[in-house]
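Remarks on the overall topology
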There are 2 protein chains.
Amino acid sequence: MQDGEVFAALADPTRRDVLQLLADRGQASATTLAADLPVSRVAVVKHLGVLDKAGLVARREAGREVRYEVRPERLELAARRLVEVAAAWDARLAAIKRIAEEER
Amino acid sequence: MQDGEVFAALADPTRRDVLQLLADRGQASATTLAADLPVSRVAVVKHLGVLDKAGLVARREAGREVRYEVRPERLELAARRLVEVAAAWDARLAAIKRIAEEER
DNA sequence: CGCTCGTGCAACCCTAGGGTTACACATCCA
DNA sequence: TGGATGTGTAACCCTAGGGTTGCACGAGCG
């Protein structure tokens, strides 16, 4: 459940569609999701698999079918990490700029 | 310069290394970056290309060499979008939960 | 019980893209 | 001017992974 996995998960357009669709419905199975997507059920299952590993989605078995639901917390966490990294870069850049100023 | 491009750019580990290295140095050319990475210069150039398209890096020609530098703003922007999406999902999930409560 | 529906799984196809080497060209400097 | 040095580009290799079809299996229901 690394950050890299989250980015990789978010990188694929079909996967983002799956995520969005899932968010709209609250919860759904791979089969019903596939009905409203231009790809097969198997493809959707694979996508849900990587989304699950990335922690962006929760898998819950209900009888003979498998329900998935979105987990916004993970997305927020990833976003916060991004902000942290960006801030760190900013600080470093500011420091470099300051040094450049002093040397002038 | 779509959001998808940013995620795709961030998805590759080598690319993240390039980004980090670039952030450490403030600015650098593809050749000098390649010196401290386990891949060839050509590979680094390609990576810098997608980072550039994603807006995460700025390309600046200086004489016969090409300097690149990191652009934290784009990273922050992407992060903010993520937070927005997560918030939207949260709201939707909350709504669905509320409806479920009412139906009870 | 028998039929249907939802999953899991295996085998396969095909392209994107990350990586390489080799060569041509431009710029800087002794 | 000539030789390093830094880029760009072309041709190529190879795997990851997104997509498919086909089939077997288990759960639910008339």
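Residues numbered from 1 in each chain as written. Chains lettered and ligands numbered in written order. Predicted model: local features only at pLDDT ≥ 70, side-chain atom pairs only at ≥ 80, totals over all residues. Heavy atoms only, no water.

Here we come to the protein's contact with DNA strand C. With respect to spatial proximity, 20 residues lie near DNA strand C, and among them A:T31, A:R59, B:S40, B:H47 and B:R64 are the closest. For DNA strand C, the backbone portion of the atoms within 4 Å of the protein, that is sugar and phosphate, comes to 52%. Within the backbone of A:V66, a nitrogen or oxygen atom sits 3.1 Å from a phosphate oxygen of DNA strand C. Within the contact set of DNA strand C, a base oxygen lies 2.8 Å away from a side-chain nitrogen or oxygen of B:K46. Among the elements of the structure, α4 (41-53) and β3 (65-70) of chain A together with α2 (13-25) and α4 (41-53) of chain B are those that each provide at least two residues to the surface near DNA strand C. (Near = heavy atom within 4 Å. Polar contact = N/O pair within 3.5 Å; in protein donor to acceptor, adjacent residues only side chain to side chain. Helix = DSSP H or I, 4+ residues; strand = E, 2+ residues; numbered from the N terminus.)

Between chain B and chain A, the contact holds 27 residues from the first and 27 residues from the second. Interface area for chain B against chain A, summed over the two sides, is near 2600 Å², with a carbon-plus-sulfur share of 77%. Three residues stand out in chain B for area buried against chain A, namely B:L75, B:L82 and B:W89, and they jointly supply 24% of the buried area on that side. In this assembly, chain B and chain A are joined by zero salt bridges. Between chain B and chain A we count zero residue pairs in polar contact (both at pLDDT 80 or more) in total. Broken down by element, the residue count for the side of chain B that touches chain A peaks at 14 residues, all from helix α5 (residues 72-103) of chain B. Here the side of chain B that touches chain A is composed, by residue class, of 18 nonpolar, three polar and six charged. (Contact = heavy atoms within 4.5 Å. Buried area = accessible area lost by both parts, 1.4 Å probe. Salt bridge = Lys/Arg side-chain N within 4 Å of Asp/Glu carboxyl O. Nonpolar A, V, L, I, M, F, W, Y, C, P; charged D, E, K, R; others polar.)

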